[in-house]
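Descriptive structure summary
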Amino acid sequence: MSSATVEFSPWTDPDTTPLISFEGVTKRFGNFTAIDNINLNIYPREFFALLGPSGCGKTTLMRMLGGFEEATEGTITIDGQDMAGIPANKRAVNMMFQSYALFPHLTVADNIAFGLHRSPMPKSEIQGRVDEMLRLVQLQKFAKRKPHQISGGQRQRVALARALAKAPKLLLLDEPLGALDKKLRQETQFELMDIQETTGTTFVIVTHDQEEAMTVASRIAVMDNGLLKQVDTPDRIYETPNSVYVADFIGDVNIVTGTATTVDGDATQLTWAEGVAPIKGMTGAQVTQGEPASFVIRPEKVSINKSEPEASNKVQGQVLDIAYLGNMSTYHVELPNGQIIKSQTANNRRIARRDITWEDTVWLSWTETAGIVLRD
Amino acid sequence: MRRLLIAIPYIWLLLLFLVPFGIVLKISLSDYALSIPPYTPQLDLSTGWQGFAEFWSQLDMENYWFLTDDDLYWKAYLSSLQIAALSTFFTLLVGFPIAYGMANAPEHWRPTLMLLIILPFWTSFLIRVYAWIGILSNEGFLNQFLLAIGLISAPIKILNTDIAVYIGITYTYLPFMVLPIYATLEKLDGSLLEAAEDLGCTRLQAFWAVTVPLSKPGVIAGCFLVFIPALGEFVIPSLLGGSDTLMIGKVLWEEFFSNRDWPVASAVAIILLLILVIPIILFQRNEQKQREAGN
Ligand SMILES: Nc1ncnc2c1ncn2[C@@H]1O[C@H](COP(=O)(O)OP(=O)(O)OP(=O)(O)O)[C@@H](O)[C@H]1O
Ligand SMILES: [Mg+2]
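Residues numbered from 1 in each chain as written. Chains lettered and ligands numbered in written order. Predicted model: local features only at pLDDT ≥ 70, side-chain atom pairs only at ≥ 80, totals over all residues. Heavy atoms only, no water.

Okay, the site of ligand 1 next. All names here are of chain A. The immediate surroundings of ligand 1 are formed by 13 residues, with S54, G55, K58, T59 and T60 found nearest. Take C56: an N or O atom from its main chain is 3.2 Å from an oxygen atom of ligand 1. Within the side chain of T59, a nitrogen or oxygen atom sits 2.5 Å from an oxygen atom of ligand 1. Out of a free accessible area of 640 Å², ligand 1 has 63% covered by protein chains. Sorting elements by how many residues they give to the shell around ligand 1 places helix 1 (residues 58–66) first, with three residues. (Near = heavy atom within 4 Å. Polar contact = N/O pair within 3.5 Å; in protein donor to acceptor, adjacent residues only side chain to side chain. Areas by Shrake-Rupley, 256 points an atom, 1.4 Å probe, with all protein chains shown as cover. Helix = DSSP H or I, 4+ residues; strand = E, 2+ residues; numbered from the N terminus.)

To continue, consider the coordination of the magnesium ion (ligand 2). Ideal geometry at a metal centre gives angles of 109.5 degrees when four donors are arranged tetrahedrally and 90 or 180 degrees when six donors are arranged octahedrally. Around the magnesium ion (ligand 2), the protein supplies T59(A) (OG1) and Q98(A) (OE1) as donor atoms, at distances of 1.9 to 2.4 Å. Taken together, the residues T59(A) in helix 1 and Q98(A) in the loop between strand 6 (93–96) and helix 2 (108–117) connect sequence positions 39 residues apart. (Donors = N, O, S within 2.8 Å, 3.2 Å for Na, K, Ca; no water.)

Okay, the interface of chain A and chain B next. Every contact between the two is made by 20 residues of chain A and, on the other side, 16 residues of chain B. Around 1,700 Å² of area is buried between chain A and chain B when both sides are counted, 61% of it from carbon and sulfur atoms. Of all residues in chain A, N89(A), H105(A) and R118(A) bury the most surface against chain B, accounting for 30% of the area lost on that side. Our count for the contact surface shared by chain A and chain B stands at one salt bridge. For E194(B), the salt bridge identified is with R63(A), shortest N-O distance 2.7 Å. Applying the counting criterion to the chain A and chain B interface returns seven residue pairs in polar contact (both at pLDDT 80 or more). Of all elements in the fold, only strand 6 and helix 2 of chain A reach the threshold of two or more residues within the side of chain A that touches chain B. With three residues, strand 6 of chain A is the largest single contributor of residues to the side of chain A that touches chain B. (Contact = heavy atoms within 4.5 Å. Buried area = accessible area lost by both parts, 1.4 Å probe. Salt bridge = Lys/Arg side-chain N within 4 Å of Asp/Glu carboxyl O.)

Residues and elements named next belong to chain B. Examined at the domain level, chain B breaks down into domain 1 (1–60) and domain 2 (63–294). Using only C-alpha atoms to locate each centre, domain 1 and domain 2 end up separated by 34 Å. On the side of domain 2, eleven residues touch domain 1, which itself brings 13 residues to the contact. Summed over both sides, the interface between domain 1 and domain 2 buries roughly 1,000 Å², with carbon and sulfur atoms accounting for 71% of that surface. (Domains from an automatic or database assignment.)

With the rule as written, the count across this model stands at 25 aromatic pairs over all chains. A ring pair is formed by F68(A) and F97(A), whose centres lie 5.6 Å apart and whose planes are at 50°; its orientation type is tilted. Here F68(A) is found in the loop between helix 1 and strand 4 (73–78), whereas its partner F97(A) is found in the loop between strand 6 and helix 2, with 29 residues between them in sequence. Overall, the relative accessible area of 4% leaves F97(A) in the buried class. Judged by centre distance (6.3 Å) and plane angle (20°), the rings of F52(B) and W56(B) are stacked. Of this pair, F52(B) and W56(B) both sit in helix 2 (residues 48–58), four residues apart, roughly one helical turn. One aromatic cluster is present, formed by Y39(B), F234(B), W253(B), F256(B), F257(B) and W262(B) through successive ring pairs. (Phe/Tyr/Trp six-rings, centres within 6.5 Å; stacked < 30°, edge-to-face > 60°. Buried < 20%, exposed > 50% of the residue type's maximum accessible area, 1.4 Å probe, protein only.)

Right, let's talk about the UniProt feature "domain: ABC transmembrane type-1" (unreviewed entry) in chain B for a bit. The UniProt record annotates "domain: ABC transmembrane type-1" (unreviewed entry) at residues 77–283 of chain B. As a span, residues 77–283 of chain B carries 77% helix and 0% strand, and end to end its C-alpha atoms are 20 Å apart. (UniProt positions renumbered as here; feature names shortened; annotations may be inferred.)

The next subject is the packing of helix 9 (residues 190–198) of chain B against helix 10 (residues 203–214) of chain B. All names here are of chain B. In contact at an axis separation of 9 Å, helix 9 and helix 10 are set at 140° when each is read in the N-to-C sense. Our classification of the angle between helix 9 and helix 10 gives oblique. In terms of crossing hand, the pair formed by helix 9 and helix 10 is right-handed. Along its contact with helix 9, which presents L192, L193, A196 and E197, the element helix 10 presents R203, A206, V210, T211 and L214. When grouped by side-chain class, the residues that make up the contact of helix 9 with helix 10 number six nonpolar, one polar and two charged. (Axes fitted to C-alpha atoms, helices over the stretch in contact; angles between N-to-C directions. Parallel < 35°, antiparallel > 145°, perpendicular 65-115°, else oblique. Left-handed = near helix turned anticlockwise from the far one by under 90°. Nonpolar A, V, L, I, M, F, W, Y, C, P; charged D, E, K, R; others polar.)

In this section: the UniProt feature "domain: ABC transporter" (unreviewed entry) in chain A. Cross-referencing UniProt, the feature "domain: ABC transporter" (unreviewed entry) maps to residues 20–250 of chain A in the present numbering. Taken end to end, residues 20–250 of chain A has its terminal C-alpha atoms 25 Å apart, with 36% of it in helix and 26% in strand.

Another point: the side chain of T26(A). Residues and elements named next belong to chain A. In this fold, T26 is placed in strand 1 (residues 20–29). Looking at T26, its side chain comes within polar contact range of the main-chain nitrogen of N37, at 3.0 Å. When near neighbours in sequence (up to four residues on either side) are disregarded, T26 contacts T33, I35, D36, N37, A71, T72 and E73.

On to the environment of R135(A). Residue and element names in this part refer to chain A. Its place among the elements puts R135 in helix 3 (residues 123–136). Assessed through its relative accessible area of 49%, R135 is described here as partly exposed. Sequence-wise, R135 and A161 are 26 residues apart; in three dimensions their C-alpha atoms are separated by 9.5 Å.

The next thing to look at is a nonpolar patch on the surface. Together, I11(B), W12(B), L13(B), L14(B), L15(B), L16(B), F17(B), L18(B), V19(B) and I23(B) make up a nonpolar patch on the protein surface, roughly 1,000 Å² of accessible area in all. Looking at the secondary structure, you find V19(B) in helix 1 (residues 2–28). (Patch = residues over 30% accessible without salt bridge, like charges linked within 9 Å, V, L, I, M, F, W, Y side chains within 5 Å.)

Residues and elements named next belong to chain B. Look at the UniProt record and you will see "transmembrane region" (unreviewed entry) annotated at residues 7–29, 76–100, 112–135, 166–185, 205–227 and 265–283. Taken end to end, residues 76–100 is 100% helix and 0% strand, and its first and last C-alpha atoms sit 35 Å apart. End C-alpha atoms of residues 166–185 are separated by 26 Å, and the span's content is 100% helix alongside 0% strand.

Next up on the list: the sheet that holds strand 13 (residues 279–283) of chain A. All names here are of chain A. Strand order in the closed barrel formed by five strands is 11-12-13-20-14, with mixed pairing between adjacent strands. Shown here is a sheet whose adjacent strand axes are inclined to one another by a mean of 55°, direction ignored. Pairing between strand 11 (residues 254–264) and strand 14 (residues 292–297): six bridges, direction antiparallel. Residue N254 lies in a different strand from strand 14, and its bridge partner there is I297. (Pairing = 2+ DSSP bridges.)

Put into structure tokens, the structure is as follows:
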């Protein structure tokens, strides 16, 4: 994989000028607010992923960059230029549409060549570029077909190739890999990262697949209802979510609600049930002593044992269910107060030799820094 | 039951197309006679096989040879083809922008616009053609208007010229052009135009590169729907055209009703039908291709 000899983190450097910046951008359709006062900088060479539930405004945000929607309020600048009133064909931006928007009357090759014919590229070079793109998305055999004569996944790849062909400064990909099978999807993901590294194109990608966002993105923005909930690197989004919403949206998570009884710098204790020790975790954003809060911890950070372990956080419970996922198993453990905690462990033993089974009484434990206490 | 359902269109075609066609074909092979009906031979089944053989032997192609002798006929066919083709072109010129405007109008307006296009059909076709006489004649509204605004100093002769025929056909058949084009334009996915713009087209370039090719099936359907009936048009050239406006529909009418020469008139009709078969087959092909592309 790409070596991280020099840390790529332009967002931490106040001297870097962003490629894209949203300043107080709001988009309304009638009286429905699709994008709600967003401030966001995206830097050159970033691979920026937008994540969020359906209808949260991801496509709308992209369409404003592409030049298909005007911001109701605020300014969007690309490369230092205010984009207000600049039509789509005057922007060094290409977009891969969520619906693909392939031209049904043109062949696969002509679809890919469409943008090139309207660029300064000399005619003699166009064919070569088209072939290169066809090879990239493994569609050489289908060059002469029309879009209705190929499969859904192939269409998606044509759309991708068409958007890539002009090698734009900024590439907007709206769910580019949704229809591909897992293997092809991973290959294309790495292909995209490769293209990104060789061409230096900045990517903004919408995805429903968190794993994909985690794999490809330099930063991830988690959106909800037109708001940016958190913008951060994948590991920080995963490890230190700033809200229960983000924690719950990304990956699997255990949530324990209670009251933050003592907040002491990085360490916070959460009282969550009577007669049991408070949970010790890291202090999350905006947690205040005495206020209701939630403790969130990833299942893989919860250990499961038959005997009582040495740990600063431990609870006893009964195995309710075991989900076998091949390489991993998730144990659903019910605590005496009815709370269910999931614990995930790697299956490094054969299934028959597993020593924990249904209805066993087990101990769950985790370290003081494994989970985080967040404001409700 | 299924067979019966399938049989219905065939029976319909047999009774209302094939049988009359056979009769007209037969008349076209007969000879003119001063009798009722005005042609001979006539099939008399009571004479049996012998009579049929005699009847058969009297049929000949004489009328068709006659059509090639007199250059009036092929001139009329040619002139009809020209008038139909040019009118179709004018109808397209007027119809496409209308269809385009309708397809891009706000959604809640479209049913109203559609109604307005179909509205003229609620008045008799004949009355609408007569109305054009009132508009185009020397003392008509058009000349009066042009005189009033000072664009012309003397009335121009429009009525009873080919121009009046073009106007009449274009006006009458406009809905047949607008509706199929509108149907294809309305289905056009707006994101295709956005994609074209995204890839560097201006609005106008996107129109030529995407809208026009994708509306082709509708344009072709519309052209045939106008061209086919316009070719045999009789009412419009007789009411709006001049004495020198030559159209095969008019010739046909005169052979039948003025000359009472049914056999020659039938031959003219059969040739017209043969000419029309070509565009009809092409039209069918277009429809089929469109249906295939739709799946
Ligand atoms: N042209 C429009 N008119 C009115 N409402 C719109 C329009 N476009 C989008 N919306 C609304 O704005 C919200 C955000 O839409 P958007 O397409 O950005 O969602 P999304 O995050 O891309 O969802 P998905 O993941 O399903 O693609 C939705 O509630 C949608 O209904
Ligand atoms: Mg979307």
